[in-house]
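Structure at a glance
The residues making up each chain are set out below.
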Amino acid sequence: MAMWGVEFASLQELICASLRMPKSPMGAQTFRHGRLKVQRIKRGWVWNQFFILEEYMGSEPQYVGKLHTDMDHGDSAVKYTLSGEGAGSIFTIDEITGDIHALVGLDREEKSYYTLKAQAVDIQTGVPLEPESEFIIKVQDINDNEPRFPDGPYSASVPEMSPTGTYVTQVTATDADDPTYGNSARIIYSILHGQPYFSVDPKSGVIRTALANMDREVKEEYQVLLQAKDMGGQLGGLASTTTINITLSDVNDNPPRFAKSIFHLRVPESASVGSAVGRIRAHDLDAGSNAEMDYAIVPGDEGNLFDIISNGQSQEGVIVLKKTLDYESKKSYTFKVEASNTQLDTRFLHLGPFKDSATVRVNVLDIEEPPVFTKPSYSMDVYEDTPPGTIIGSVTAHDLDATSSAIRYSLEWHMESDSCFDIDTIEGTISTNEFLDRETAVKHNVTVVATKVTNPLLFTKVPVTVNVMDVNEFPPELAVPADTFVCENSRVGQVIQMVSAMDKDFPPVGQRFFFKSPKHLRNRNFTIRDFGNNTAGIVTRHSDFQRRMQDVYILPIVVEDSGYPAQSSTATLTIRVCSCEPGGSLLSCSAEAIFLPVGLSTGALMAIMLCVALLIALYMSQRRHKVKETLMTSKEDIRDNVIHYNDEGGGEADTQAFDMGTLIIATVNKNAPLLSSRGKVTEGDAEMIREFIEHRLGDSQQSYVATTYDSLATYAYEGDGSVAGSLSSIEESWVIDDSGDFSSLGDWGQPFKTLANFLDVF
């Protein structure tokens, strides 16, 4: 901001000032000392910013600048005032001269500028001589702040064996000074400590490797001291430093190596399968996953008894036993083990194979062991009923140690049945103590103990199974019902009954039974056919079975087993001849309830028997009245039961008494011309009635349409002089031959055939 008194170059402010004052041809009007004074005014207000240096350390207030107006003629008639930021506290103005001073030292980093307002007024009247104007006091920067590293110290890493110029990290320093003024905030970076391994870009602060192929296994960590200096690094600039800790990260550039070429291990011969024999380890200078390795046994004859497991945490190889060892058979084993990295870096394969091998020698330690049986278990067979004291087998155990101690045998009893056997303590032969019964126990489980004489605490047990073999002492039994039946209408070769057998002898599965008829008997009616699977069938040899001729047959059956010596038994099968339906369903055999249809109750049986008795009584009554005579003894009473049917015929239940007069009336109506002259019916009209009945009979035989009165009914009145005898169908139906043969009833249908079968029984 220029001081007042200089050329007023702002046309806008000039226009504004002229608008606030009355115009006069002579110039501007001004009040001064109470008088209106008109004069020409030359304005010199040009506003620029004032500058003041920060961090002023002098004893007197720092001079900032001067305000002046052209209307100030040096007669102390103008008063200057100051307002705005810091007015009166930080900045002060001389009211008469317009000089501005700073009362305190300023810090640009706290506040870089201040905005204030200036006013020139008449000292007497206080009337503004100029419009109030705003100006800025700017704090001018000096280099009073050094660069700073806000995030230091720093840490970074770079892979080992990296080439020169590999990026490591970038650091940035800040300077609180004004970057737009001078070089106070212009920073230059440099390394004070850390060369020749690393370098830094002076302007960006990017750190890179300066030495190729740095090896982590030689030196892993580096410390770099970095400096940042302002003023472009010139003399007098302010500087600060920070530390950067740089670590070389690992790469797989080292193969595993065994510390020695041969490992000696020892293991007792009693070691169990899967137990650890020992541990071996190869060393790898790399770290983490780059040091992980797998162990393997190089194929060989002596290495097949062992296996090796890689421990990922300890990087060891644990050798375990795959098979049992025997000091007496082999005392040591030698094989090779190989260690190789699991993860390879192709950049370093040219350094050689990333694996190593070593020799492992396992020495077997001799341990005194219990006796060893020649078999893990023994099985012996003995026939039941074998005499006591019979040797059934033997067991054998050996001491495999070098001492070769003698062995003693004994039986370990678990239950009372173990007392059935005894063992020779020296020879190990097992014998029976009593008779054995297979039907009581099929097998016996015995435990034999072999003990070393030199050390009774060392013993071994072995299971022995004694199988009791069967002696064929039981004959087979026929599993067949006591009775069966054959139908009168059976075909030749028809199976009427299946039979099977069972045997108490051992084994129940695998036995073979044979079915046959006795040798001295030959049955002409039935034969036995073997169907396999220990079953046989009773088969008919002819088809003309007649219950009237023979209603029961007896068939002996012989069943024989396949044991040695063979056992057999004979059973008798009763076969009844029965009447059956064409489909084979049983109708009747005899009065016994067993042959009645399934489900026939006792009450139903009694009802059938009662009906049979009534029929027989009725039959005997009819035989005594065989001589035919009229049903009505009086000729005057010609009434009879005329059967009345519904349209479809209702049977005897629908009969009603019917007067013969009706029949006569019907006959008279037909012959009305003939009878009209006489006026009444006489006995001479009988021939006329007979002709009427025959006419009706002819109509019923020639047409399906007939009257509701059955012309075939039996009438009590038969007319005079009839030589035909009685026309009763009921009476005629009971005229049966007195020879006692009821088989003719079968001609009336299947129900009458069944009735005839019952009558034959009685």
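Per-chain numbering applies: the sequence of each chain, read as written, is numbered from 1 onward. At least 70 in pLDDT is required for a residue's local features to be given in this predicted model, at least 80 for side-chain atom pairs to be given and counted, and no such filter applies to totals for whole chains, interfaces and linings, which use all residues. As a rule here, side-chain values come from all non-hydrogen atoms in the structure, and water together with hydrogens is ignored.

Identification of the protein chain as Cadherin-12 from Mastacembelus armatus is taken from an unreviewed UniProt entry. UniProt positions are given in the numbering used here, feature names are shortened, and annotations may be inferred rather than shown by experiment. Among the UniProt annotations of the protein chain, the heading Function (unreviewed entry) holds the following wording: "Cadherins are calcium-dependent cell adhesion proteins."

Once that is clear, we can look at the overall build of the protein chain. Note on conventions: DSSP H or I runs of at least 4 residues are helices, E runs of at least 2 residues are strands, and numbering of each starts at the N terminus. From N to C terminus, the protein chain includes seven helices and 44 strands. Exposure categories follow from relative accessible area, calculated using a 1.4 Å probe and restricted to protein chains: below 20% of the type maximum is buried, above 50% is exposed, and the middle band is partly exposed. Each of the 762 residues in the protein chain was classed as buried or not, and the buried ones make up 35%. Long-range pairs, those at least 24 residues apart, make up 65% of the contacts in the protein chain between residues at least 6 apart in sequence. Accessible surface is estimated by sampling points in the Shrake-Rupley manner with a 1.4 Å probe; for residues, cover comes only from the protein chains shown. Carbon and sulfur atoms provide 53% of the accessible area of the protein chain, an area that totals close to 44300 Å². Contact between two residues is taken to exist if any of their heavy atoms lie within 4.5 Å; hydrogens are not considered.

Topologically, valine 577 is positioned in strand β41 (residues 568-580). With relative accessibility at 1%, the residue valine 577 sits in the buried group. Distance in space between the C-alpha atoms of valine 577 and cysteine 589 is 6.3 Å, their sequence separation being twelve residues. Not counting chain neighbours up to four residues away, the residues in contact with valine 577 comprise Val486, Glu488, Phe545, Gln546, Arg547, Gln550, Asp551, Tyr553 and Cys589.

Time to look at the sheet that holds strand β33 (residues 459-469). Pairing within the open sheet is mixed, and its four strands lie in the order β26-β33-β32-β29. With partners counted over all chains shown, the strands left at the sheet margins are β26 (378-383) and β29 (407-412), one partner each. Taking each pair of neighbouring strands and ignoring which way they run, the sheet shows an average axis angle of 30 degrees. When DSSP finds two or more bridges between two strands, those strands count as paired. Summarising the sheet, β26 and β33 pair through six bridges and their orientation is parallel. Bridge assignment links valine 382 to a residue of β33, and that residue is valine 468. As a rule, the C-alpha atoms of each element are fitted with a line to give its axis, helices using only the stretch in contact, and angles between N-to-C directions run from 0 to 180 degrees.

Ring geometry is summarised as follows: Phe, Tyr and Trp rings, the Trp one being its six-membered ring, pair when their centres sit within 6.5 Å, and such pairs are stacked at plane angles under 30 degrees, edge-to-face over 60 and tilted between the two. Using the criterion set out here, one finds 13 aromatic pairs in the structure. Arranged with centres 6.4 Å apart and planes meeting at 50 degrees, the rings of phenylalanine 149 and tyrosine 189 form a pair that is tilted. A residue pair is termed long-range when its members are at least 10 positions apart, and phenylalanine 149 in the loop between β9 (133-140) and β10 (154-159) and tyrosine 189 in strand β12 (residues 188-193) qualify at 40 residues. With respect to burial, phenylalanine 149 and tyrosine 189 carry one shared label: buried. Placement of a positive charge over a ring is assigned whenever Lys NZ or Arg CZ falls within 6 Å of the ring centre and within 35 degrees of the normal to the ring plane. The ring of tyrosine 113 has lysine 111 lying over it, and the distance from NZ or CZ to the ring centre is 6.0 Å. For lysine 111, the ring lying beneath its charged end belongs to tyrosine 114, and the centroid distance is 5.4 Å.

Between glycine 152 and the following residue, proline 153, the backbone shows a cis peptide bond with an omega angle of -5 degrees. By the element assignment, proline 153 lies in the loop between β9 and β10. For the peptide bond that leads from glutamine 195 to proline 196, omega is 10 degrees, which places it in the cis range. The backbone of aspartate 385 shows a phi angle near 70 degrees, a positive value even though the residue is not glycine. Checked against the element boundaries, aspartate 385 lands in the loop between β26 and β27 (391-394). Phi at asparagine 533 takes a positive value of approximately 55 degrees, unusual for a residue other than glycine. Looking at the element boundaries, asparagine 533 is found in the loop between β38 (526-532) and β39 (535-540).

A word on the sheet that holds strand β7 (residues 99-102). If you trace the three strands from one edge of the open sheet to the other, you get β4-β7-β6, paired in antiparallel fashion. Every interior strand has two partners, whereas the edge strands, β4 (62-66) and β6 (91-93), have only one. Each neighbouring strand pair of the sheet contributes to a mean axis angle of 25 degrees, computed without reference to strand direction. Here β4 pairs with β7 via four bridges, running antiparallel. What sits directly across from tyrosine 63, in β7, is histidine 101.

On to the pattern of salt bridges. For this document, the term salt bridge refers to a Lys or Arg side-chain nitrogen within 4 Å of an Asp or Glu carboxyl oxygen. Scanning all chains against the criterion turns up 17 salt bridges. Between aspartate 99 and lysine 66 there is a salt bridge, and its shortest N-O distance comes to 3.3 Å. Here lysine 66 lies in strand β4 and aspartate 99 lies in strand β7, a separation of 33 residues in the sequence. For arginine 279, the salt bridge goes to glutamate 316, with nearest N and O atoms at 3.3 Å. Of this pair, arginine 279 sits in strand β19 (residues 276-283) while glutamate 316 sits in strand β22 (residues 316-321), and the two are 37 residues apart along the sequence. Put simply, Arg216, Glu217, Glu220 and Asp250 are held in one network by salt bridges that share partners.

Note on disulfides: each one is a pair of cysteine sulfur atoms within 2.5 Å. One pass over the full model with this rule turns up two disulfides. Across a sulfur-sulfur distance of 1.4 Å, cysteine 578 and cysteine 589 are joined as a disulfide pair. Its torsion about the S-S bond being 110 degrees, the disulfide of cysteine 578 and cysteine 589 is classed as right-handed. Of this pair, cysteine 578 sits in strand β41 while cysteine 589 sits in the loop between β42 (586-588) and α2 (602-624); the two residues are eleven residues apart in sequence, bridging distant segments of the chain.

One finds Phe306, Ile319 and Val360 to be the most contacted residues of the largest nonpolar core, which totals 25 residues. When contributions to this core are tallied by element, the ones reaching two or more residues are β18 (262-268), β19, β20 (293-297), β21 (306-311), β22, β23 (332-341) and β24 (355-365). Not counting chain neighbours up to four residues away, the residues in contact with valine 360 comprise Phe263, Leu265, Ile280, Ile319, Tyr333, Thr334, Phe335 and Val337. Take the buried residues of types Ala, Val, Leu, Ile, Met, Phe, Trp, Tyr and Cys, join any two whose side-chain atoms come within 4.5 Å, and each joined set is a nonpolar core.

The subject of this paragraph is the side chain of aspartate 503. Assignment of secondary structure puts aspartate 503 in the loop between β36 (495-502) and β37 (514-516). When charges are counted, Lys and Arg contribute as positive and Asp and Glu as negative, whereas His and the chain ends are disregarded. Within the buried set, aspartate 503 has no salt-bridge partner at all; the shortest N-O distance to an opposite charge, 7.2 Å, is to arginine 438. The residues contacting aspartate 503, other than those within four sequence positions of it, are Asn472, Phe474, Pro475, Pro476, Gln511, Phe513 and Asp561.

As a further point, take the pairing of strand β8 (residues 113-122). Judged by how many residues are buried, β8 sits mostly within the fold: seven of ten residues are covered. Two strands pair when backbone bridges link them, and strand β5 (residues 78-84) and β8 are joined in this way by seven bridges, in the antiparallel orientation. Bridge pairing in β8 places threonine 81 opposite glutamine 119. The pairing of β8 with β9 spans six bridges and is classified as antiparallel. Counted as the bridge partner of threonine 115 is isoleucine 136 from β9.

A few words now on the confidence of the model for the protein chain. You can read pLDDT as the predictor saying how much it trusts each residue, on a scale of 0 to 100. Averaged over the protein chain, the pLDDT score is 77; the fraction of residues at 70 or greater is 72%. By mean pLDDT, the top-scoring element of the protein chain is strand β14 (residues 206-209) (96), and the lowest-scoring one is helix α1 (residues 11-20) (36). pLDDT under 50 marks residues 1-47. Its contacts with residues more than four places away, or in other chains, come to 100 contacts. Confidence drops under a pLDDT of 50 for residues 626-659, and excluding neighbours within four residues, the segment shows 42 contacts in the predicted structure.

Moving on to the pairing of β41. Looking at chain direction, strand β35 (residues 483-487) and β41 are connected through five bridges and run parallel. Counted as the bridge partner of threonine 484 is isoleucine 575 from β41. Across nine bridges, the pairing between strand β40 (residues 552-560) and β41 is antiparallel. Looking across to β41, one finds that isoleucine 554 is bridged to threonine 574. As consecutive antiparallel partners, β41 and β42 are separated by five residues, and within that stretch glycine 584 has a phi angle of approximately 105 degrees, a positive value.

On the surface, a cluster of nonpolar side chains totalling about 250 Å² of accessible area is made up of Val495, Met498 and Phe531. Mapping phenylalanine 531 onto the fold places it in strand β38. Phenylalanine 531 sits in the partly exposed class, given a relative accessible area of 40%. Patches were defined on residues exceeding 30% relative accessible area and lacking a salt bridge, with like-charge contacts within 9 Å and nonpolar side-chain contacts (Val, Leu, Ile, Met, Phe, Trp, Tyr) within 5 Å.

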